[in-house]
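Listed below, chain by chain, are the residues.
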Amino acid sequence: MAVTSALASDPAARPGLSRDQLLDLYYWMRLTRSLEERLVNLYRQTKVVGGLFRSLGQEACAVGSAYALRREDVLSPLIRNLGSMLVKGATPLEVLKQYMAKGDSPTRGRELNIHFGDVVDRNFVGQISHLGDMVPVMAGVTLSFKLRQEPRVGLVYVGDGATSTGAFHEGINFAAVQRCPLVVVVENNRYAYSTPIAKQCAAERLADKAAGYGIPGVRADGNDVVAAYQVTRDAVARARRGEGVTLVELLTYRRKGHAEHDNQSYVVAGEIDRWARENDPLDRYVQRLTGSDGIATAELQAIDTRVLAEIDEATDIAERSAPPEPRDCLTGVYADPPAAPALWYREGVQSAVDRHERPASWGTHDG
Ligand SMILES: Cc1ncc(C[n+]2csc(CCOP(=O)(O)OP(=O)(O)O)c2C)c(N)n1
């Protein structure tokens, strides 16, 4: 199977997107970046529970690829895919409440960050953290589309690090053999935690891995939102025609650490600044929009203002939300919760703790 390279889109060529759609892409990228910036502020105020994962510099990958899907298609995001989830219908309010582990967040405080899904309406799946594991899950999801003859497509994201796992190999091989309507997007952001791409894989191009599965591998500039959209759109169309799996490698760069706590001491000096200066996906897109697409800067500024207003409003509501009720902790954890009250949670009564949480053999607190 041929490996093709689309790389950057041609600004003079019609991308098959209307003016409104081009502005939509800008809105989603700006929303992703500004929402993450708000989350950083909340994290520093200790209002975020757990880690904060950024997609700074990768917004075009997430937004451009997800924009190629229909509502009924299923998207499987990872931690760098806040933008994809927003495009698929997740709201800033849900994301803020989820990061703050509020009682009325999508997982009611049981899961954190962007680990949540909606498989009933908007069709994005809650993610499994284990690298590569969503590929076999999505192979199964898309096999079900094929068996039911539904014209739906699945898109699963993996990082460069995940492509080294057994789960990735087994999942993509199975999906390829079954000709599942699946698009596997590899976001090659050059780092898996602190492991650089040169220490991750001996192949020069991750798209080359496709040949081993007998499927096409394509590569595009992941910091060009239109290129990311176009390459994914073609793979989605191919899947919908019943022609099976495509591996799409999007080239990008992770400008922040694995999570907010990571100081990136392992990155070569100057590299991050160079990408910020020369290859920022939002800066590049603004240049394109105000250049060859003839869109006025004021129109983009109006979108920026709207985005900030939406985030401000959502932040106020999320901050006012209450934390989860301790007594509610089993709801939704088991499919069929026992009728008898759970005795082991803390009720603020030491005797209850001693009685229910500590096996007798451990002794008591006061010896
Ligand atoms: C099987 C497994 N090993 C280790 C981890 C811990 N871990 C979480 S994300 C990550 C790095 C991911 O790198 P990559 O797949 O390139 O995605 P990126 O974070 O760069 O988007 C690691 C090592 C894990 N979740 N699962």
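The rules behind the values
- Residues numbered from 1 in each chain as written.
- Predicted model: local features only at pLDDT ≥ 70, side-chain atom pairs only at ≥ 80, totals over all residues.
- Heavy atoms only, no water.
- Helix = DSSP H or I, 4+ residues; strand = E, 2+ residues; numbered from the N terminus.
- Buried < 20%, exposed > 50% of the residue type's maximum accessible area, 1.4 Å probe, protein only.
- Contact = heavy atoms within 4.5 Å.
- Areas by Shrake-Rupley, 256 points an atom, 1.4 Å probe, with all protein chains shown as cover.
- Near = heavy atom within 4 Å.
- Polar contact = N/O pair within 3.5 Å; in protein donor to acceptor, adjacent residues only side chain to side chain.
- Nonpolar A, V, L, I, M, F, W, Y, C, P; charged D, E, K, R; others polar.
- Arc of directions from axis to C-beta.
- Pairing = 2+ DSSP bridges.
- Right-handed = clockwise from strand over helix to strand, strands pointing away.
- Phe/Tyr/Trp six-rings, centres within 6.5 Å; stacked < 30°, edge-to-face > 60°.
- Salt bridge = Lys/Arg side-chain N within 4 Å of Asp/Glu carboxyl O.
- Axes fitted to C-alpha atoms, helices over the stretch in contact; angles between N-to-C directions.
- Parallel < 35°, antiparallel > 145°, perpendicular 65-115°, else oblique.
- Left-handed = near helix turned anticlockwise from the far one by under 90°.

(A) View of the overall build of the protein. Across its full length, the protein holds 11 helices and 8 strands. For the protein, the proportion of its 367 residues judged to be buried stands at 51%. Counting contacts in the protein only where the partners sit at least 6 residues apart, residues at least 24 apart contribute 74% of the total. For the protein, the accessible surface area stands at approximately 17000 Å², while carbon and sulfur atoms represent 52% of it.

(B) Region of interest: the site of the ligand. Close to the ligand lie 13 residues, the nearest being Arg-80, Gly-161, Ala-162, Asn-189 and Tyr-191. Measuring from an oxygen atom of the ligand, one finds a side-chain N or O atom of Arg-80 at 2.9 Å. Asn-189 is positioned such that a nitrogen or oxygen atom in its side chain is 2.9 Å from an oxygen atom of the ligand. For the ligand, the accessible surface in isolation is 590 Å², of which the surrounding protein chains cover 68%. Of the residues that constitute the shell around the ligand, the class distribution is 5 nonpolar, 6 polar and 2 charged.

(C) Focus on the side chain of Arg-33. Its place among the elements puts Arg-33 in helix H1 (residues 19–44). Ignoring any residue separated from it by four or fewer positions in sequence, one finds Arg-33 in contact with Leu-56, Gly-57, Glu-59, Arg-255, Asp-280, Pro-281 and Leu-282.

(D) Local environment of helix H9 (residues 281–290). When we look at burial in H9, the residues that qualify are Pro-281, Leu-282, Tyr-285, Arg-288 and Leu-289. Down the axis of H9, the smallest arc covering the buried residues is 125°, so these residues share one side. Looking at where H9 begins, the residue whose side-chain oxygen comes 3.1 Å from the main-chain nitrogen of Leu-282 is Asp-280.

(E) Layout of the pairing of strand E3 (residues 154–159). E3 sits mainly inside the fold: 5 of its 6 residues count as buried. Sheet analysis places strand E2 (residues 74–76) next to E3, joined by 3 bridges and oriented parallel. Across the sheet, Ser-76 pairs through a bridge with Val-156, a residue of E3. As paired strands, E3 and strand E4 (residues 182–188) are joined by 6 bridges and run parallel to one another. Within E4, the residue paired with Tyr-157 across the bridge is Val-185. Taken together, E3, helix H6 (residues 166–177) and E4 form a β-α-β motif whose crossover is right-handed.

(F) Quick look at the packing of aromatic side chains. Across all of its chains, the model carries 7 aromatic pairs by this definition. Relative to Tyr-229, the ring of Tyr-67 lies with its centre 5.9 Å away and its plane at 65°, an arrangement referred to as edge-to-face. With a gap of 162 residues between them, Tyr-67 in the loop between helix H2 (59–66) and E2 and Tyr-229 in helix H7 (residues 225–240) connect regions that are remote in the sequence. Owing to a relative accessible area of 16%, Tyr-67 belongs among the buried residues under this scheme.

(G) Local environment of the pattern of salt bridges. Taken as a whole and assessed by the stated rule, the structure comprises 27 salt bridges. Between Glu-36 and Arg-54 there is a salt bridge; the shortest N-O distance is 2.9 Å. Within this pair, whereas Glu-36 is found in helix H1, its partner Arg-54 is found in the loop between H1 and H2, the two being separated by 18 residues in sequence. Between Glu-310 and Arg-306 there is a salt bridge; the shortest N-O distance is 3.3 Å. Taken together, the residues span about one helical turn, with Glu-310 and Arg-306 both in helix H10 (residues 297–320) at a distance of 4 residues. Overall, Glu-310 belongs to the partly exposed group, its relative accessible area being 28%. If you follow the salt bridges from partner to partner, you end up with Arg-33, Glu-59, Arg-255 and Asp-280 in one network.

(H) Spotlight on the side chain of Asp-293. Checked against the element boundaries, Asp-293 lands in the loop between H9 and H10. Exposure remark for Asp-293: the relative accessible area of 15% places this residue in the buried category. One polar contact links Asp-293 to Arg-288, side chain to side chain, over a distance of 2.9 Å.

(I) Layout of the packing of H1 against helix H4 (residues 92–99). Between H1 and H4, the shortest axis-to-axis distance is 11 Å and the interhelical angle comes to 25°. For the element pair H1 / H4, the angle class is roughly parallel. Between H1 and H4 lies a crossing of right-handed hand. Each of Leu-31, Leu-35, Arg-38, Leu-39 and Leu-42 in H1 lies in contact with H4, whose residues at this interface are Pro-92, Val-95, Leu-96 and Tyr-99. Considered class by class, the residues forming the contact of H1 with H4 number 8 nonpolar, no polar and 1 charged.

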